[in-house]
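Notes for the structure review
Letter by letter, the chains look like this.
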Amino acid sequence: MFGAPKWRSSSVEDYLKVIYALRERGAEVITPSALAGRLAVSLSSASGMIRKLADLGLVEHARYGDITLTQPGRRIALEVLRRHRLIELYLVKELDYSWDEVHDEAELLEHTISDTLLDRIAAKLGHPVVDPHGDPIPASDGSIPVATAQPLATLDPPASGQIVRVVDSDPELLRYLTDQQIGLGDRISVLERKPFGGPLMVRVGSPPDEVTHGFGDVLAESVYVEVDR
């Protein structure tokens, strides 16, 4: 499907996927320590895998510098992301999972699902372009829509727009948003930044059901907004 090498391991796929995802979410520099933290492995393990990926021609990494995907590495990362995000959407749409339950299931299934089954899932879902968290789903040819949404944390009042994406790495955060009745498609307006490191005050919803919330740094960095033009 993507012209990827025939050899493969789940560890290689996980590292390439995380490198892509970190860059996708705005990381300017990706280091072995960042990968170690994201994958919950030791720094020595992450450094060893980066050397392996570089030897395989899947990443480029100057010592103490940024880690970047090569074209073959990027193709594999997009293939894995396609599997992961389609599986998540299928679990939500067809098996009634909630959006906070699907990440770990998809992490397991993405390494074993066949291309045939994946294509049938895509067809069953109508060839969707985003997953349950608003993340873009790569197409079967390796192309991916260009994301234009901005992290809420980067917006200043009186910016407003629509919530279109939420970082899915923390199930507790997703459950909190559900409890607060905040989700994709909701209108959101930035009201003010409280001083001395205080929360970002926002208004969520449309009249007459608008609700004011205080978003801390983690929440504001995890919610992405398509800003009104």
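1. Observations concerning the sheet that holds strand S7 (residues 211-215)
Spatially, S3-S8-S4-S5-S6-S7 is the arrangement adopted by the six strands of the open sheet, whose pairing is antiparallel. Here the strands that pair on one side only, and so sit at the sheet edges, are strand S3 (150-151) and S7. Pairing between S3 and strand S8 (residues 223-227): two bridges, direction antiparallel. Looking at S8, one finds that Gln150 is bridged to Val225.

2. Regarding the environment of Arg25
Within the secondary structure layout, Arg25 lies in the loop between helix H1 (10-24) and helix H2 (32-39). Remark: the alpha-carbon pair of Arg25 and Gln162, spanning 137 residues in sequence, is separated by 18 Å. Ignoring anything within four residues of it in the chain, the contact list for Arg25 reads Arg38, Asp135, Arg165, Val167, Asp168 and Tyr224. Within the local environment of Arg25, its side chain forms a polar contact with the side chain of Asp135, the two groups lying 3.2 Å apart.

3. Some points on H2
When H2 is considered as a whole, its buried residues turn out to be Pro32, Leu35 and Ala36. Around the axis of H2, the buried residues are gathered within 100° of arc, so they sit on the same side. Against H1, helix H3 (43-55), strand S1 (59-61) and strand S2 (67-69) lie the buried residues of H2. Downstream of H2 by one or two residues, Ala40 has phi in the positive range, about 55°.

4. Notes on the nonpolar core
Within the largest apolar cluster, 23 residues are counted, with the highest numbers of intra-cluster contacts made by Tyr15, Leu16, Ile19, Leu35, Ile50, Leu53 and Ile67. Ranked by the residues each element gives to this core, the list is headed by H1, at seven residues. Residue contacts for Ile50: discarding those within four places in its chain leaves Tyr15, Ile19, Leu35, Val59, His61 and Ile67. Residues Ala159, Leu177, Ile182 and Leu200 belong to the second largest nonpolar core, which totals 21 residues.

5. Overview of the pairing of strand S6 (residues 200-204)
Among the five residues that make up S6, four are buried, leaving the element largely enclosed by the rest of the structure. Across five bridges, strand S5 (residues 187-193) lies against S6 in antiparallel orientation. Looking at the pairing, Ser189 lines up with Arg203 of S6. The hairpin formed by S5 and S6 contains six residues between the paired strands, and Phe196 there has a positive phi angle of roughly 60°. Relative to S7, S6 runs antiparallel, the two being bridged by five bridges.

Scoring rules and cut-offs
- Residues numbered from 1 in each chain as written.
- Predicted model: local features only at pLDDT ≥ 70, side-chain atom pairs only at ≥ 80, totals over all residues.
- Heavy atoms only, no water.
- Pairing = 2+ DSSP bridges.
- Helix = DSSP H or I, 4+ residues; strand = E, 2+ residues; numbered from the N terminus.
- Contact = heavy atoms within 4.5 Å.
- Polar contact = N/O pair within 3.5 Å; in protein donor to acceptor, adjacent residues only side chain to side chain.
- Buried < 20%, exposed > 50% of the residue type's maximum accessible area, 1.4 Å probe, protein only.
- Arc of directions from axis to C-beta.
- Core = buried A, V, L, I, M, F, W, Y, C linked by side-chain atoms within 4.5 Å.

Geometric values such as these leave the question of function open.
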